[in-house]
Amino acid sequence: MDHDILALLGDVRSVAARPAFSIGEAGHSGLTAYRALRHDAFVARQGLFAGHDLDDHDTDPRTLVLVARDNHNTVLGGVRLGPATDGSDIGWWQGGRLVVAPGSPAGIGSALVRAACARAEAEGALRFEATVQTRTERMFTRLGWQRVRPVVVAGHDHVLMRWPIGRIAALARSTKAALGPLLQGLTGAPGFIGDDGVPLPGTDVVAACDAIIPSMVERDPEWAGWCSVLVNLNDLAAMGATPTGLLDALGARDASFAARVLSGLRKASEAYGVPVLGGHTQFGVPASLSVTALGRTADPVPGGGGKPGQRVWLTADLGGGWRPGYTGRQWDSTSSRRTPELRELLGSVAKARPPAAKDVSMAGIAGTLGMLAEASGCGAVLDVERVPRPRGASTGDWLTCFPGFAMLTTGAPAPAGSAVTADCGELVAGTGVTLRWPDGESTPAIDGGVTGLGNS
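Residues numbered from 1 in each chain as written. Predicted model: local features only at pLDDT ≥ 70, side-chain atom pairs only at ≥ 80, totals over all residues. Heavy atoms only, no water.

Our focus in this paragraph is the overall build of the protein chain. Looking only at helices and strands, the protein chain features 15 helices and 21 strands. Reported as C-alpha extents along the three principal axes, the dimensions of the protein chain are approximately 80 × 60 × 40 Å. For the protein chain, the residues scored as buried account for 50% of the 456 residues in total. Across the protein chain, the fraction of contacts at a sequence separation of at least 24, relative to all contacts at a separation of at least 6, is 76%. Accessible area of the protein chain: about 20100 Å², with a carbon and sulfur share of 55%. Across the protein chain, 41 positive and 44 negative side-chain charges occur, with their mean positions spaced 2 Å apart. (Helix = DSSP H or I, 4+ residues; strand = E, 2+ residues; numbered from the N terminus. Buried < 20%, exposed > 50% of the residue type's maximum accessible area, 1.4 Å probe, protein only. Contact = heavy atoms within 4.5 Å. Areas by Shrake-Rupley, 256 points an atom, 1.4 Å probe, with all protein chains shown as cover. Lys, Arg positive; Asp, Glu negative; His and termini not counted. Charge placed at Lys NZ, Arg CZ, Asp CG, Glu CD.)

In this section: the side chain of S394. For S394, the location among the structural elements is in the loop between β17 (379–383) and α15 (395–400). We classify S394 as buried; its relative accessible area is 18%. Aside from chain neighbours lying at most four places away, what touches S394 is E123, G124 and R389.

What follows deals with the environment of R167. With respect to the helices and strands, R167 occurs in helix α7 (residues 167–176). The class of R167 is partly exposed, set by a relative accessible area of 24%. Spatially, the C-alpha atom of R167 lies 23 Å from that of L66, the residues being 101 residues apart in sequence. Not counting residues within four places of it along the chain, the set of residues in contact with R167 comprises E121, G124, L126, G328, G396, D397 and T400.

None of the figures reported here should be taken as evidence of function without further support.
Okay, structure coming up:
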């Protein structure tokens, strides 16, 4: 249709520049044509299978098929992809049955592979693999895939290839990597380098301070106000401190906008039962918001108190859902909770007294675990299948989002009433974070330290 319109308008240049093919989901007719191409290639011509090449993945409703079509809607090739395991999708996906019709334009196979990689990552996959024929290994390598090991399929030599997914590492870099060089020698108390809060020397007071991203304040002022309380109280909770009060600093273009921010802050203050003691408000300036929280404990729990060999526990509130407008990035489990529930969450670390604890920040579960391990002078392994996760979140989103309330502890769990607690990893010698999968395979998530702040 578009081609015909361009031709009628006399746009010869655009018609000539139109791609020779496009890639999209198969649909019923496309699926039929794709399977016919597969049969012709893998059964009739190559003899890899006898009778047919269909398997359980073809009947799995989670399996996706992408096809390449020419300008006449003819299917020229296709590839399938989907979860590798039965049951819940844990973020391990496989691609397969890549096929291109003989005589098709060059580049279709590569384009299908690239499209499959992008789609797998969009669906939340953190591990994506394909078993490919040895003759196509060079193409996959050229596209950035990594060779895992040789395998045999249907009596023929193949190679297991893996697409490197850097989502977790990229988030850690963008949110935390610059901290070490910037803050070296400026912040921290002995034993609490890089912690969520800091003990005031000579007292039992712990202070924490967080700023909310200005664009978030501008876009969703009530939610920004709520989160300014949430993130600071979580910081105190990670250190086992009981909150006593809050101070806010707000910049706003006018009083009307300030009222919206303060409405969310007030609701959170009342819900958690922690008063706002004072602060500062300025009008006629770009939107900004930061809050300082004060708490008390005689024995703060450090974020860097872990040791190799200790188990890693995650306590996460799986209630609620994605905050509207922040799907895949911010999970809201707190705004619907009552005060007793919120206070019980905040008191979980204080009650358990683990060797190390850290609340999950914008670096996500995996990135925050990397920060805890870095401060403890070691590395960490995260068992992906054992991480508590709500049904409404993919593995990729859940391990990289801000989850509302989630607390990582080592050496001992820190359960709380409305949250789910699970043993999901361990601290190990070395550095960085590795993801461990149910088949025993491991994939790197973060190489080396997260912040560069070093050991506590």
